[in-house]
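Residues per chain, in single letters:
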Amino acid sequence: MLRFFINIILVCAVAVAISMQDGIVHLVRGDTSIDLDLQTALALLVIFILWWWGIAKMWFFIKYGFDRIYERRLRKQTEEGVAAFTVSLNALAGGDLRTSNKALHRAQKLLGDKPLVLWLGAELATRRGDEKLALQNFRQLASTAEGSVLGWRGLLQQQPRRDSAAVLRLTQDALAVDAIAKQDFAYELQIMAYAQQGNWAEAAVALGVAQKNKAVSRAREQKLDAVINLKLADNAHSVENKRKHFARAQKLLPDFVPAAIAYARFLAMEGDKSLANKVISTAWLLTPHLDLLDAYQEINAVEDDLKLLQMFERFAAKRKDSVATPIALGRLSLRAKLDARAAAYAQDAIDRRATQEACMLLADAMRQTNPSAAQEASHRAMAAVAVGSYVCSACGYAAPAWQAVCAHCGKVASLDWNDEPDVKLPVSTTPVLLR
Ligand SMILES: [Zn+2]
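Nothing here was measured: the structure is a model prediction, and the numbers come from that model. Numbers given for residues are sequential positions, taken from 1 along each chain in its written order. Only residues with pLDDT of at least 70 get local features here, since the model is predicted, and only at 80 or more are side-chain atom pairs given and counted; chain-wide, interface and lining totals rely on the full set of residues. Each side-chain value is worked out from all heavy atoms of the structure, with water and hydrogens disregarded.

**Student:** Go over the overall build of the protein with me, naming the residues and quoting the values.
**Tutor:** Secondary structure follows DSSP: runs of H or I at least 4 residues long count as helices, runs of E at least 2 residues long count as strands, and numbering of each begins at the N terminus. Looking only at helices and strands, one finds 20 helices and 5 strands in the protein. Both definitions apply: the radius of gyration is a C-alpha atom measure, and the globule rule equals 2.2 Å times residues to the power 0.38. At 40 Å, the protein has a C-alpha radius of gyration far larger than the 22 Å of a compact globule built from 435 residues. Oriented by its inertia axes, the alpha-carbon framework of the protein measures out at about 140 × 50 × 50 Å. The buried share of the protein, taken over its 435 residues, is 40%. Excluding contacts between residues fewer than 6 apart, the proportion of contacts in the protein whose partners are at least 24 apart in sequence is 51%. Total accessible area computed for the protein in this model is approximately 25400 Å², and 58% of it derives from carbon and sulfur atoms. The buried label applies to any residue whose accessible area, calculated with a 1.4 Å probe on protein chains only, is under 20% of its type's maximum; exposed applies above 50%, and partly exposed to all values in between. Only heavy atoms enter the contact rule, under which two residues are in contact if any of them lie within 4.5 Å. Each accessible area is a Shrake-Rupley estimate made with a 1.4 Å probe; only the visible protein chains count as cover when residues are assessed.

**Student:** Describe the coordination of the zinc ion, and please don't skip the residues or the numbers.
**Tutor:** Six octahedral donors at a metal ideally form angles of 90 or 180 degrees, and four tetrahedral donors ideally form angles of 109.5 degrees. Protein coordination of the zinc ion is provided by Cys392 (SG), Cys395 (SG), Cys406 (SG) and Cys409 (SG), with donor distances spanning 2.3 Å. Note on donors: an N, O or S atom is included if it sits within 2.8 Å of the metal, or within 3.2 Å for Na, K and Ca, and water is never included, so sites can look incomplete. A four-donor site is classed as tetrahedral when every donor-metal-donor angle falls between 85 and 135 degrees; four donors are called square planar, and six octahedral, when trans pairs exceed 155 degrees and all remaining angles lie between 65 and 115, with any other arrangement labelled irregular. For the zinc ion, the 4 donor atoms in the first shell make angles of 108 to 113 degrees at the metal, a pattern classed as tetrahedral. Expressed as a motif, the donor residue spacing for the zinc ion is C-x2-C-x10-C-x2-C. On the criterion of sequence distance, the pair formed by cysteine 392 in strand S3 (residues 389-392) and cysteine 406 in the loop between strand S4 (398-399) and strand S5 (415-418) is long-range, its members being 14 residues apart. With respect to burial, cysteine 392 and cysteine 406 carry one shared label: buried.

**Student:** Quick rundown of the pattern of salt bridges? Include the residues and the values.
**Tutor:** Within this document, salt bridges are pairs made up of a side-chain nitrogen of Lys or Arg and a carboxyl oxygen of Asp or Glu, the two lying within 4 Å of each other. In total, this model carries 14 salt bridges according to the counting rule given. A salt bridge links glutamate 221 to arginine 218; the shortest N-O distance between them is 2.7 Å. In this pair, glutamate 221 and arginine 218 are both assigned in helix H11 (residues 218-235), 3 residues apart and thus about one turn of the helix distant. Aspartate 348 serves as the salt-bridge partner of arginine 352, at 3.3 Å between the closest nitrogen and oxygen.

**Student:** Any details on the nonpolar core? Residues and values, ideally.
**Tutor:** Counting residues in each nonpolar core, the largest one holds 104 residues, and the members touching the most others are Trp200, Phe256, Trp284, Leu292, Phe312, Trp402 and Val412. When residues of this core are assigned to their parent elements, the largest contribution, 9 residues, is made by helix H9 (residues 185-196). The contact partners of tryptophan 284, leaving out residues within four places of it in the chain, are His289, Leu290, Leu292, Phe312, Phe315, Ala316, Arg319, Ala324, Thr325 and Ala328. Buried residues of nine kinds, namely Ala, Val, Leu, Ile, Met, Phe, Trp, Tyr and Cys, make up a nonpolar core once their side-chain atoms join them within 4.5 Å.

Here you go:
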């Protein structure tokens, strides 16, 4: 502020000093010449500057003023469009499809075919059962640069799973887009379609491409790789190929019970009983599963029953925490005709959790000594739940036996063994991937 006043005073001083000067300004242009006194010349100069300044100002207004008015209108239109979009999105979430549709039309009018508007249009059309319109929106969305991932995801979700050849064609088109090649969903669907065809070799190729593009997480990649190798081992004709794929599946996931069992059986058949037992015991330490006990008994069928019990006790002791351990030891005790010991193990198991297997074991152990108690235990077994089940991580479907492909949603390598009754499982009423 102070500097401003100093400047004003300086300018006034200069003006006064000049106006007090006597003198003539002599302007010559060609043949004409004008004589002006200094004050008039100065006044003309100021008028000249002001004139140019006004013209410049007007020019700026013409050039940018209209743009600014247009911008302001556009901003208002965008704001109203976003508000309509939000209303539509909220109404859709609340299930009010009519309001959602109305607001969406307004948003469309104000915002045009923006990727998010297209996406909402597709979602709304899906909810209203208008598959054709949904596909049209998703296709348009997929063709935009910013919306390609959302669009392709929608297109792939809309694709019926029954026709695996059509699924493969669509995933191929999707994976040709760079942004999609870095996402996992197209590969998951491709692997699902190959699994449906029983073509596990191609599923392995698809997983390889996904790995190269870093599209799947390390844990998911391992699980898929292990399941595919187990399937390749099952289908392999030569012993060498079987061994290679079984060994790879086991190495990738040592706690993958079905792979451990299949590999151990294969090894036992090939005469390598000690490695077979090692595979079983390693798997038991990681995931105590009663199917492992069955395979163990089968592999060591020639052994003395008591010796078998002692051998199993040695590594089972490390997983005393598991409810499967006393059941397994009880079953082996029963096999060795140690009924009282079997009953004690059964009681231990029931004290932890009254599972079907534990109650059944107690019934078997008491059959000779106390038939009425045995009958009561077997009744209890009928009402009890199993020790665990295989649960799909994608849809929550539970199955007693392992499957490479979820029978409910079709996802590959999604079933995990679960024997913790308190774990809250994901439960969905509509399959995630299967339509
Ligand atoms: Zn599932």
